[in-house]
Amino acid sequence: MSDQLWTDRAREYPLECDHCHYPIPGEPEADEDGRYCSAACREAAGDGATMPDPDAYKRVMTGIEPLDSLVPNGIPADSMLLLSGDEGTRRAELGTELVWHALERGEPAVVCSVANPPTATLERFYENGWNVLPALESDRLRIVDCFTHRLDDRDEFRAGRNEWATFLGEAAADAVIEVEDPSDRREVANGLHRALDDLEMTETGLVTIDSLDELESLSGSGLVHDFVTDVRATVCTARFVPIVAAATTAGQAAYPETERVFDGIVDLRLRDGSAAETRHKQLAVRKLTGAAFLPQWVTYDYEPARGLFAFGPNTDTRQARDLGNGSTQSAQRR
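Residues numbered from 1 in each chain as written. Predicted model: local features only at pLDDT ≥ 70, side-chain atom pairs only at ≥ 80, totals over all residues. Heavy atoms only, no water.

**Thoughts on the pairing of strand β5 (residues 80-85)**
Summarising burial for β5: 6 of the 6 residues are buried, a large majority. Across 6 bridges, the pairing between β5 and strand β10 (residues 243-248) is parallel. Residue pairing for β10: Met-80 is matched across the bridge by Ile-243. As defined by bridge partners, β5 adjoins strand β11 (residues 264-272) across 5 bridges and the pair is classed as parallel. When the bridges of β11 are listed, Ser-84 appears paired with Asp-267. (Buried < 20%, exposed > 50% of the residue type's maximum accessible area, 1.4 Å probe, protein only. Helix = DSSP H or I, 4+ residues; strand = E, 2+ residues; numbered from the N terminus. Pairing = 2+ DSSP bridges.)

Printed below as a string of structure tokens:
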């Protein structure tokens, strides 16, 4: 085949590079083993290295219905995301569900627990009927404990737990990485990196941080900014492992500046419904670098086991109210 004919055919039927798997924009660099987009890829393939298909690790479908509906092509895996929301918008449940769906996909996950002890963090899964003991035993889940060492008497705390919490704490002991000084951002980051190394997390899984507010109260907003910048570079960018961190919008003073360091921001809010004495939870993507998203609010609610679910503007108001009341009653029973 002549060079010109090959170029015309390549324009009509774009080829993928046999090394990086991205489209070849022009005439390929070819040898007897394959066709490549560049000399760099040809040489790397000659050394016996082949990159994985980018679709296998560069995008993440979260499994959260209202979120995935706004980001149909997935969230870039090298993203640092902020969940910024009002109190009462189920931010904690959203973080828990993100981890659960990762475990369901067979991926590892790390929870940086700042606002709660590890047993309380794990109990959030069980409140939804999601059993994480197999994930703990199969080495797919780690808890970075930034809470326990803040207690005045840790032994008394452990001794006072009920039978279930004691069992859960003992079962999860090998999966917990304790941070002795959570006010030291470097120590928190080191605990996170240790968890990632333990689980060999590169190009798979995700990390959640339950409360940047709590971290800020310990170390100050400037240090939280430095911490976020650090882990964004060393975890998201370097490993292609996304981090999702939660923060409240209540009394927000420092976060407008801090928000600049995030690749994506998901806003959660409460709005009065059309029916009297009803309030709806809504979710929207404010920004997301490297991905298309729909610029609209999605109304959602929550049920144990089901997690967060969306209902559209055509949903009957009474049905939406009933769903909200059912969720509230379920929460009160727990």
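**Structural notes on empty space enclosed by the protein**
For the coordinates displayed, the defined rule picks out 1 cavity of 30 Å³ or more. In this structure, the largest cavity is lined by Val-60, Thr-62, Leu-67, Ile-75, Leu-81, Leu-83, Leu-98, Leu-206, Pro-242 and Val-244. A class-by-class count of the residues in the lining of the largest cavity yields 9 nonpolar, 1 polar and no charged. (1 Å grid on protein atoms, 1.4 Å probe; cavity = no way out; pocket = protein on both sides within 12 Å on 5 of 7 lines; lining within 4 Å. Points joined across faces, edges and corners; volume = space filled by probe spheres on them. Nonpolar A, V, L, I, M, F, W, Y, C, P; charged D, E, K, R; others polar.)

**Looking at the packing of aromatic side chains**
The geometry of an aromatic ring pair is captured by the separation of the ring centres together with the interplanar angle, meaning the angle of the planes. Taken as a whole, this structure holds 3 aromatic pairs when the rule is applied. Between Trp-100 and Trp-130 the ring centres are 5.7 Å apart and the planes differ by 0°, which places this aromatic pair in the stacked class. Note that Trp-100 is positioned in helix α4 (residues 91-104) and Trp-130 in the loop between α5 (118-127) and α6 (133-137), a separation of 30 residues in sequence. Under the relative-accessibility criterion, Trp-130 is labelled buried at 7%. A ring pair is formed by Tyr-126 and Trp-164, whose centres lie 5.1 Å apart and whose planes are at 85°; its orientation type is edge-to-face. One end of the pair, Tyr-126, is in helix α5; the other, Trp-164, is in helix α8 (residues 163-171), and 38 residues separate them in sequence. Judged by its relative accessible area of 36%, Trp-164 falls in the partly exposed class. Grouped by ring-pair contacts, the aromatic residues Tyr-126, Trp-164 and Phe-167 constitute a single cluster. In this arrangement the basic side chain of Arg-269 is found over the ring face of Trp-297, its NZ or CZ atom lying 3.6 Å from the centre. (Phe/Tyr/Trp six-rings, centres within 6.5 Å; stacked < 30°, edge-to-face > 60°. Lys NZ or Arg CZ within 6 Å of the ring centre and 35° of its normal.)

**Things to note about the nonpolar core**
Among the nonpolar cores identified, the biggest contains 42 residues, and Leu-103, Leu-122, Val-132 and Leu-141 are the most heavily contacted of them. When neighbours within four sequence positions are excluded, Leu-141 is seen to be in contact with Val-99, Leu-103, Ala-109, Val-111, Leu-122, Val-132, Ala-135, Leu-136, Ala-175 and Leu-199. Core analysis: the next-biggest nonpolar cluster, separate from the first, contains 33 residues, Val-114, Val-228, Cys-236 and Phe-262 among them. (Core = buried A, V, L, I, M, F, W, Y, C linked by side-chain atoms within 4.5 Å. Contact = heavy atoms within 4.5 Å.)

**A few points about the layout of surface pockets**
For the largest pocket, the calculated volume is near 460 Å³. Lining the largest pocket are 26 residues; nearest its centre among them are Arg-91, Ala-92, Glu-93, Arg-124 and Asp-210. Elements that contribute at least two residues to the lining of the largest pocket include exactly α4, α5, β9 (206-209) and β10. Examining the composition of the lining of the largest pocket, we find that 6 residues originate from one element, α4, more than from any other. Of the pockets and cavities examined, the second largest pocket occupies roughly 280 Å³. Around the second largest pocket, the lining is made up of 17 residues, and of these Lys-58, Arg-59, Pro-76, Asp-78 and Phe-240 lie nearest the centre. In the lining of the second largest pocket, the residues fall into 4 nonpolar, 5 polar and 8 charged.

**Notes on a negative patch on the surface**
Together, Glu-16, Asp-18, Asp-53 and Asp-55 give the surface a local cluster of negative charge. With respect to the helices, strands and loops of the structure, Asp-55 is situated in the loop between α2 (39-46) and β3 (59-60). (Patch = residues over 30% accessible without salt bridge, like charges linked within 9 Å, V, L, I, M, F, W, Y side chains within 5 Å. Areas by Shrake-Rupley, 256 points an atom, 1.4 Å probe, with all protein chains shown as cover. Salt bridge = Lys/Arg side-chain N within 4 Å of Asp/Glu carboxyl O. Lys, Arg positive; Asp, Glu negative; His and termini not counted. Charge placed at Lys NZ, Arg CZ, Asp CG, Glu CD.)

**A few points about the state of the cysteines**
Applying the stated criterion across every chain yields a total of 0 disulfides. Of all cysteine sulfurs, the one in Cys-37 lies closest to Cys-41, which takes part in no disulfide; the gap is 3.8 Å. With no disulfide of its own, Cys-112 lies 3.9 Å from the sulfur of Cys-146, the closest cysteine sulfur. Classification of Cys-112 as buried rests on a relative accessible area of 1%. (Disulfide = S-S within 2.5 Å.)

**Some remarks on helix α10 (residues 212-219)**
Regarding α10, the residues found buried are Leu-212, Leu-215 and Ser-219. Buried residues in α10, looked at end-on, bunch into an arc of 60°, giving them a common side. In this structure Ser-211 caps α10, since a side-chain oxygen of it lies 3.4 Å from the backbone nitrogen of Asp-213. Gly-220 occupies a position one or two residues after α10 and carries a positive phi of about 95°. (Arc of directions from axis to C-beta. Polar contact = N/O pair within 3.5 Å; in protein donor to acceptor, adjacent residues only side chain to side chain.)

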